[in-house]
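The chain contents come next:
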Amino acid sequence: MAATIRDVARAAGVTVSTVSYALSGKRAISEETRERIQRAIAELDFTPNAGARALALSQTNVLGLFLQFEEDEFAPAMLQYVLPVSTTARTHGFDLLMVTDPDVDAAVRRTTSSSMVDGVVLLDVTYDDPRLEPLRQTRQPVALIGYARNAEGFDAVDLDFGEAARIAVDHLVELGHREILLITPPRHVFERGGSYAWRFRDAAAERAARHGVQLHPVEGDSRQPALGEALASALDRFPDVTAMVVHNDATIAALPSLLHERGLSVPDDLSVVGMFSAEFGTAFSLPYTSVDTRPEVLGEWAVNRLVDRITDPASAQAPQVRLIAPGFVDRGSTQRLS
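Heads up: these notes are all about the structure in this document. Note that this is a predicted model, so its numbers are computed, not measured. (Residues numbered from 1 in each chain as written. Predicted model: local features only at pLDDT ≥ 70, side-chain atom pairs only at ≥ 80, totals over all residues. Heavy atoms only, no water.)

With 24 residues, the main nonpolar core has Leu181, Ile183, Met244, Ile252, Leu255, Val272 and Tyr288 as its most contacted residues. Counting only elements with at least two residues in this core, the list comes to β6 (179-184), α11 (226-237), β8 (243-246) and α12 (249-262). The element contributing the most residues to this core is α12, with seven residues. In contact with leucine 255, not counting residues within four places along its chain, are Leu231, Met244, Val246, Val272 and Tyr288. Counting residues in hydrophobic clusters, the runner-up holds 22 residues, among them Val82, Ile145, Val157 and Leu298. (Core = buried A, V, L, I, M, F, W, Y, C linked by side-chain atoms within 4.5 Å. Buried < 20%, exposed > 50% of the residue type's maximum accessible area, 1.4 Å probe, protein only. Helix = DSSP H or I, 4+ residues; strand = E, 2+ residues; numbered from the N terminus. Contact = heavy atoms within 4.5 Å.)

As C-alpha cells, then:
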C-alpha cells in the first residue's frame, strides 16, 4: 500500500499540516524539520504526486468565510478578524470565499451542497447562532470564531473575555483606583447575543466587587454623535471616576478627540485601559494601555484546525472549544494614585 501524508507525518514526528507546508512551500519550515520530513519521504518512498493525491480531499481549495456586516456595527472591528483568516488560508494554499447573505439556509445550501467550498469559518458567532443548525447538515468541516452555547460538534475559538476583564480591573486597582467607568459594547450587541459583551462586563463587575471598588458599566454606541454623547453623559453622571475601561471599538477609536474636546488629559486627569488589538491600535494611532484581543491568533487557530480536518480527516482530533489568553500592552495611559 502506498504511503500517505499521514505516514510521513508520523515518521517525521510532525503534524500533517507541517508536511503539507513542506510539500507546498506555502510556509517557512525550519531546516531541521524539513530534513526530517525529507528523510521520512525517502524511507517511505513517498512521491510528490502521492502527496498531492493524499492531500486532494477537497475539490476547490476554497474556504468559505461566513459573516454578516450589520449597519449598526463598527466595520473596522470586524475586518481585523478577516485578515488573519485570509492570510492563514493562503499559507495553506486556500482561497477565501466571503459569504454575507443574510438568508442563512440559502447561503449554506448554495456554498456547501454544491461543493463550492471545502470548509467553513463562521465569524461573529452569537450565543444562540441560527447558522449552526444548517451547518450541522453539511459534509464540510466548520470552525467558529466566537462562543456559542450550541457549538457541540464544531471546533470553536474565542478570546477569554472574562480573563481580559480581570486583567484590566486588576491593573487599575493595583494603581489605587477605587471608582472605574466601563464603556461596554452597544445595546444591539447584547440583544443580538454577542456573548463577549456580557462575559467581559460581568467578569469586570465580579472582579471590582471582590476588590471592593465601584464599577459603573455604561453602554456605548457605534456611531457618532451617539457614542460621543454616551461618553459625555457617563462622565457627567460619575464625576468621581479616576479611571476608565473601554470595551467598545468605535468609542476607543474616537477617544483621543473626545477627551481632547472635554479638556481631559490622559493619564493626568483620567487613566484609560482599552480593549483592542495591536493592529487596531496602530491603525487608529491609539496611545492607550490595552488588553490585546489577539485576532491574529484566533484566525490562525480556526483555519489551522479546519485545514487539518480537510487534509487528513482520519487523524483529526475531536472538536475542541478553546479560549485564548489575552495579551496586555502598557502604553503609559494609566498612573498610580497618590
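With that settled, consider helix α10 (residues 195-211). Between its first and last C-alpha atoms α10 spans 24 Å; for 17 residues at 1.5 Å apiece the expected length is 24 Å, and the two agree. Positive phi shows up at glycine 212, right after α10, with a value of about 75°. (Expected span 1.5 Å × (residues − 1).)

This part is about the packing of helix α5 (residues 75-91) against helix α14 (residues 295-311). At their nearest, the axes of α5 and α14 sit 8 Å apart, and the two run at 40° to each other. If you check the angle between α5 and α14, you find them oblique. Every pair of crossing elements has a handedness; the one defined by α5 and α14 is right-handed. Judged by residue contacts, Gln80, Tyr81, Pro84, Val85, Thr88 and Ala89 of α5 engage Pro295, Glu296, Leu298, Gly299, Glu300, Val303 and Asn304 from α14. In terms of residue class, the contact of α5 with α14 is made up of seven nonpolar, four polar and two charged. (Axes fitted to C-alpha atoms, helices over the stretch in contact; angles between N-to-C directions. Parallel < 35°, antiparallel > 145°, perpendicular 65-115°, else oblique. Left-handed = near helix turned anticlockwise from the far one by under 90°. Nonpolar A, V, L, I, M, F, W, Y, C, P; charged D, E, K, R; others polar.)

Moving on: the pattern of salt bridges. Within the structure shown, the criterion is met by 17 salt bridges. Across the pair arginine 136 and glutamate 133 runs a salt bridge whose closest N-O atoms are separated by 3.2 Å. Linking arginine 136 with glutamate 133, this pair stays in helix α7 (residues 132-136), spanning three residues, or about one helical turn. Residue arginine 136 is classed as partly exposed on the basis of its relative accessible area, which comes to 29%. Given the relative accessible area of 45%, glutamate 133 is considered partly exposed. Arginine 199 serves as the salt-bridge partner of aspartate 158, at 2.9 Å between the closest nitrogen and oxygen. (Salt bridge = Lys/Arg side-chain N within 4 Å of Asp/Glu carboxyl O.)

What follows covers the side chain of threonine 111. Here threonine 111 shows up in helix α6 (residues 104-113). Note on threonine 111: relative accessible area 2%, which makes it buried. Excluding residues within four positions of it along the chain, threonine 111 makes contact with Phe66, Leu97, Val99, Met116, Val117 and Gln140.

Its 12 residues give α11 an end-to-end C-alpha distance of 16 Å, which sits within 8% of 16 Å, the value for a rise of 1.5 Å per residue. What α11 keeps buried is the set Leu227, Gly228, Ala230, Leu231, Ala234 and Leu235. With its buried residues spanning 160° around the axis, α11 presents them on a single face. Facing away from the buried side of α11 by over 90 degrees, the exposed positions are Glu229, Asp236 and Arg237. Of the surrounding elements, those touching the buried residues of α11 are β6, β7 (214-219), β8 and α12. (Arc of directions from axis to C-beta.)

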